[in-house]
Amino acid sequence: MNARRNFFRNIFTVGAGVAVSQLASAQQAHAPEPATGAPPSVLTPDVEDLPFTIDNGVKVFNLIAEPVKQTVIPGRAFDLWGFNGSAPGPTIQANEGDRVRVVFDNHLPEPTGIHWHGLELPIEMDGVPGIGQKPIMPGERFVYEFPLHQNGTFFYHPHMAMQEMVGMLGGFIIHPKIPYAPRVEKDYLIALQEYAVLPNSTIPNSMNMEFNWLTFNGKCGPASTPLIIKHGERVRIRIINLGMDHHPIHLHGFTFWETGREGARQPDTLWHRGNTTLVGVAQARDIEFVADRVGDWMFHCHLPHHMMNQMSSNVGPMTRLGQGMQGGASMEEAMGMLRDGHATADNKAPSLGRGLGVGSTVDMARSNGPLSQSEADKAMTNMPGMDHSKMPGQDHGTMPGMNMPELPKNANQVPLFPQDAFMEGPMMAMDKEVDKPETYGLPPGWSGFSGGMMTLVRVLPSDQYEKIMDLKARQRAQKQQEIYAK
């Protein structure tokens, strides 16, 4: 009996030892390596950092809330509210243990206040008008000052709800005293925002519940600047979101670790593995991966409607076989004002209150087929807020690989055709208008397949990476010369 008991005891002991050994091996493989070297500064593509001065050891930042003109794609500018000339506002970077002073000036036509999202502060510095402080009136100044004892990805915004919906957001990065491990060679910040703007306006509807312009750092694809990474580098991408929608952000080509949230960096035992992370409203996510595969990889919100610019309902019946469900509406019906019938009528359901983009009105006589170049140019020429000197679509017909595709003869008889904007690729491409060092080497016509919350993570071999770095250095030098010339 004792021999039998000892036999089972030995089996359980050996089994437990194997399990512990396997767990230790898994934890060792997961455990971060020690960090070496100073961490890189966080880069916010298309957005500047907020400069600071030092006053008796205190970092002093000057932040201005003001109306801004924000160009989301070439030729399309919106009237927004932002900070220091941009929406989103400039990124604040500081270190754990710093004491910071933010001298805030309100140049808006109404009261406001700035909330430091996620920071643990005295109540009088929390930035909630009417609760912790008096509202900051137009033309007034308020000085926020507080120590930083946290580290991670945070952000700032007004605590006036509708102001949040018209551009007022900015990143606040606090670098840790002890560098995160393992060390990353590239560290990026992406701010998610969304707007509802009718084609005859440049002003967002802050009360809207659906959005047709979705931005990364104030730019829609293809205008959002690609992230440039050298093959083999470890990369961190920080994502902050302020709007009405949660966004499933997806990275092609890599499986990443989710290493941080808006509260702080997470213990490595809690890191999640995936290629899509859901960034909820008022949340932050940090993801990290090793860029071990060369390529131009998509990085985007995976909500289908968030991968398009100026999204609108189709024009004409949803099928071309005579009468069908109407896809577009007049401007009045698009804004929810009925002229006849009722809201649940078969020919109104998809269009009532949804006409937000070019071609959303049946007052414009055209089918829901591929737009001709002349039709597109005419529609866009009549659109307010467009800088027609920078309009794309002038010579795309000669762009290699971007000619109109040959369609099946029965395409018009297939219900739901058309769905894919590939047929409008020659019109939508704007390679020249979004040309910058970071787009060097992309295939002709690439810009016709990027829109909304979308950019590229470009993992490049050394020679191409160095070429782009050289082009960026030349661009910076040229800008400096232009500044000095003024």
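Scope of this entry: the structure provided in the associated data block. (Residues numbered from 1 in each chain as written. Predicted model: local features only at pLDDT ≥ 70, side-chain atom pairs only at ≥ 80, totals over all residues. Heavy atoms only, no water.)

### Describing the sheet that holds strand β9 (residues 170-175)
The sheet built from four strands is open, its strands ordered β4-β9-β8-β6 with mixed pairing. Only two strands of the sheet have a single partner each, and these edge strands are β4 (92-95) and β6 (114-117). Taken over all neighbouring pairs, the strand axes of this sheet differ in orientation by 20° on average, direction set aside. Here strand β8 (residues 152-158) runs beside β9; their pairing, made up of five bridges, is antiparallel. Bridge pairing in β9 links Thr 153 to Ile 173. (Pairing = 2+ DSSP bridges. Helix = DSSP H or I, 4+ residues; strand = E, 2+ residues; numbered from the N terminus. Axes fitted to C-alpha atoms, helices over the stretch in contact; angles between N-to-C directions.)

### Examining the pairing of β8
Counting buried positions along β8 gives seven out of seven residues, so the element sits mostly inside the fold. Relative to β8, β6 runs antiparallel, the two sharing four bridges. Paired with Trp 116 across the strands is Tyr 156, a residue of β8. (Buried < 20%, exposed > 50% of the residue type's maximum accessible area, 1.4 Å probe, protein only.)

### Thoughts on the environment of Gln 70
Tracing the backbone through its elements, the reader meets Gln 70 in strand β2 (residues 58-73). For the pair Gln 70 and Pro 88, spaced 18 residues apart in sequence, the C-alpha separation works out to 9.2 Å. With residues up to four places along the chain from it excluded, the contact list for Gln 70 reads Arg 76, Ala 77, Phe 78, Leu 80, Ser 86, Ala 87, Gly 218 and Lys 219. (Contact = heavy atoms within 4.5 Å.)

### Concerning unusual backbone geometry
The omega angle of the peptide bond from Ala 87 to Pro 88 is 5°, so this bond is cis rather than trans. Take Pro 88: it is sitting in the loop between β3 (76-83) and β4. Of note, Asn 56 is a non-glycine position whose phi angle comes to about 50°, a positive value. With respect to the helices, strands and loops of the structure, Asn 56 is situated in the loop between β1 (52-55) and β2. At Asn 84, a residue that is not glycine, the phi angle is positive and equals roughly 50°. Position of Asn 84 among the secondary structure elements: in the loop between β3 and β4. Its relative accessible area of 30% is what places Asn 84 among the partly exposed residues.

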